[in-house]
Amino acid sequence: AKKTIIKIFLSIITFTFVYVVLVIMSIGCVFLIVYGSLKIFLLKPHIFTFFWGLAFILPAIFVIVFLLKFIFREKFFNSTHLIELKRDEEPKLYNFIDETANEINTNIPNRIFLSPFVETYVKFNSTFFSLFFPKRKNLVLGMGLMNSITLLEFKSIVAHELGHFSQKFLGVSSYVYYTNKVLYNILYENDDFFEAVKESKITLILIRSIQSILKRIYNLIFSNFSKLSIFWEYQADEISAKISGSKPNITSLLRTTLSFSAWDSVLNYYYNRKNDLIVTDNIFPQHSYVLNYFADKYNLPIEYNLPLIDLENYNKFNKSKLVIKDQ
């Protein structure tokens, strides 16, 4: 892990150096072109020399805007589809999470939200200034997931998410994440920009040249960070297993795929009947019903009113095409 972190830092330093050089060169080009254009215009004032100078100044300015546009793009945590839980509204839940965080010896989430989906994750605002003033993280709990796990399994999942807070060198993820976002913005999020400058062939040639240089650095950072992310996930699993035992980790992970299948089945049922105005005030009893229906259909054992999934049955519901090497 330490070797990977060193590689990541070297990649970030390389990107920063190349990026700063490109910005300085672009700004220098603008000044040189403006200075040269003014000299030529003053020597021979004419509308032709004016537009000739402008034809070179604009591409250089466009390149600077292209390199700096990421600063004005800020990614804020979208909570419009979520319900925030306050401590005074759900004291038992907060106490449960506080106790789990204390067992791990880590910080508690800044805010806790409910999502209707089969998911649980940590989310936070990411801006340019968050590199210097780290943002506290929020915990999102999916009701679809909580509807298909036991209390001990829920603790193992929460412990996994909180386990990320306590990991060494986790601070590097903020820098890598933002560097990755900057590079991704420069390389791929450019449709509107290219549409605006499509008539300037010089600008497009310069930008394509810059992208070809930065793409190699992007691939290097992404590759190294992917390796580190896998390591962190296993470390979070280890923390979770120490807190709640390995069995809840295994049973909850295996059942999650079944829970996704049940969730999709319920959503498809109501979607296909939307024209008949068939709706429900509470989708989660139906979700539980379909879970038990699958258990009966595939002869799955029941424990704590929930199906138990083994690896053989897991493959029936696993729709992922990913092939991950044995760690």
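Here the structure is a predicted model, which is why all the values come from computation and not from measurement. (Residues numbered from 1 in each chain as written. Predicted model: local features only at pLDDT ≥ 70, side-chain atom pairs only at ≥ 80, totals over all residues. Heavy atoms only, no water.)

**Side note on the overall build of the protein chain**
Line of reasoning, step 1. For the protein chain, the count of helices and strands is 11 helices and 6 strands.
Line of reasoning, step 2. For the protein chain, the residues scored as buried account for 41% of the 327 residues in total.
Line of reasoning, step 3. Here the contacts in the protein chain between residues at least 6 apart in sequence split such that 77% fall between residues at least 24 apart.
Line of reasoning, step 4. Of the roughly 20,200 Å² of accessible surface on the protein chain, 63% is carried by carbon and sulfur atoms. (Helix = DSSP H or I, 4+ residues; strand = E, 2+ residues; numbered from the N terminus. Buried < 20%, exposed > 50% of the residue type's maximum accessible area, 1.4 Å probe, protein only. Contact = heavy atoms within 4.5 Å. Areas by Shrake-Rupley, 256 points an atom, 1.4 Å probe, with all protein chains shown as cover.)

**Quick notes on a nonpolar patch on the surface**
Line of reasoning, step 1. There is a patch of nonpolar side chains on the surface, built from Ile-40, Ile-47, Phe-48, Phe-50, Phe-51, Trp-52, Phe-56, Ile-202 and Leu-206 and spanning about 890 Å² of accessible area.
Line of reasoning, step 2. Put simply, the parts of the chain that give the nonpolar patch at least two residues each are helix H2 (47-68) and helix H8 (201-244).
Line of reasoning, step 3. In terms of residues, the nonpolar patch owes the most to one element, H2, which gives 6 residues.
Line of reasoning, step 4. Within the secondary structure, Ile-47 sits in helix H2. (Patch = residues over 30% accessible without salt bridge, like charges linked within 9 Å, V, L, I, M, F, W, Y side chains within 5 Å. Salt bridge = Lys/Arg side-chain N within 4 Å of Asp/Glu carboxyl O.)

**Focus on the packing of aromatic side chains**
Line of reasoning, step 1. Enumeration over the complete set of coordinates arrives at 6 aromatic pairs.
Line of reasoning, step 2. Relative to Phe-294, the ring of Tyr-293 has its centre 5.9 Å away and its plane inclined at 50°; by these criteria the two rings are tilted.
Line of reasoning, step 3. A connected cluster of aromatic rings, assembled from ring pairs, spans Phe-117, Trp-263 and Phe-284.
Line of reasoning, step 4. We note Lys-274 situated over the ring of Tyr-271; from NZ or CZ to the ring centre the distance is 4.0 Å. (Phe/Tyr/Trp six-rings, centres within 6.5 Å; stacked < 30°, edge-to-face > 60°. Lys NZ or Arg CZ within 6 Å of the ring centre and 35° of its normal.)

**Thoughts on the side chain of Ser-259**
Line of reasoning, step 1. With respect to the helices and strands, Ser-259 occurs in helix H9 (residues 246-272).
Line of reasoning, step 2. Overall, the relative accessible area of 0% leaves Ser-259 in the buried class.
Line of reasoning, step 3. Dropping the residues within four chain positions of it, Ser-259 is found in contact with Val-118, Gly-144, Ser-148, His-287 and Leu-291.

**Re the confidence of the model for the protein chain**
Line of reasoning, step 1. When the pLDDT values of the protein chain are averaged, the result is 81; 87% of them are 70 or greater.
Line of reasoning, step 2. Of all secondary-structure elements in the protein chain, the lowest mean pLDDT belongs to helix H11 (residues 311-317), at 71, while helix H4 (residues 143-146) reaches the highest, 94. (pLDDT = per-residue confidence, 0-100.)

**Quick notes on the pattern of salt bridges**
Line of reasoning, step 1. According to the stated counting rule, one finds 6 salt bridges in the structure shown.
Line of reasoning, step 2. Here Arg-87 makes a salt bridge to Asp-98, at a shortest N to O gap of 2.7 Å. Note that Arg-87 is positioned in the loop between strand S1 (83-85) and helix H3 (91-104) and Asp-98 in helix H3, a separation of 11 residues in sequence.
Line of reasoning, step 3. Taking relative accessible area as the criterion, Asp-98 reaches 16% and is therefore assigned buried.
Line of reasoning, step 4. Note that Glu-103 and Lys-155 form a salt bridge whose closest N and O atoms lie 2.8 Å from each other. You can see Glu-103 sitting in helix H3 and its partner Lys-155 sitting in helix H5 (residues 151-163), a full 52 residues away along the chain.

**Quick word on H5**
Line of reasoning, step 1. Its 13 residues place the ends of H5 18 Å apart at the C-alpha level, agreeing with the 18 Å of an ideal helix rising 1.5 Å per residue.
Line of reasoning, step 2. The element H5 is extensively covered by neighbouring structure, given that 11 of its 13 residues are classed as buried.
Line of reasoning, step 3. Of all the residues in H5, the buried ones are Glu-153, Phe-154, Lys-155, Ser-156, Ile-157, Val-158, Ala-159, His-160, Glu-161, Leu-162 and Gly-163.
Line of reasoning, step 4. Where H5 is buried, its residues contact H3, strand S3 (120-123), strand S4 (138-142), H4, H8 and H9. (Expected span 1.5 Å × (residues − 1).)

**Overview of the sheet that holds strand S2 (residues 112-115)**
Line of reasoning, step 1. With mixed pairing, the 4 strands of this open sheet are ordered in space as S1-S2-S4-S3. The strands lining the two open edges of the sheet, one partner per strand, are S1 and S3. Neighbour-to-neighbour, the strand axes of this sheet turn through a mean angle of 30°, independent of strand direction.
Line of reasoning, step 2. Pairing between S1 and S2: 3 bridges, direction antiparallel. When the bridges of S2 are listed, Ile-83 appears paired with Leu-114. (Pairing = 2+ DSSP bridges. Axes fitted to C-alpha atoms, helices over the stretch in contact; angles between N-to-C directions.)

**Some thoughts on helix H10 (residues 284-297)**
Line of reasoning, step 1. Across its 14 residues, H10 extends 20 Å between first and last C-alpha, which sits within 8% of the 20 Å expected from 1.5 Å per residue.
Line of reasoning, step 2. Among the residues of H10, Phe-284, His-287, Val-290, Leu-291, Phe-294 and Ala-295 are the ones counted as buried. The buried residues of H10 all sit within an arc of 145° when viewed along its axis, so they share a single face. Exposed residues on H10 whose side chains face more than 90 degrees from its buried face are Tyr-289 and Asp-296.
Line of reasoning, step 3. Following H10 by one or two positions, Asn-299 has its phi on the positive side, about 55°. (Arc of directions from axis to C-beta.)

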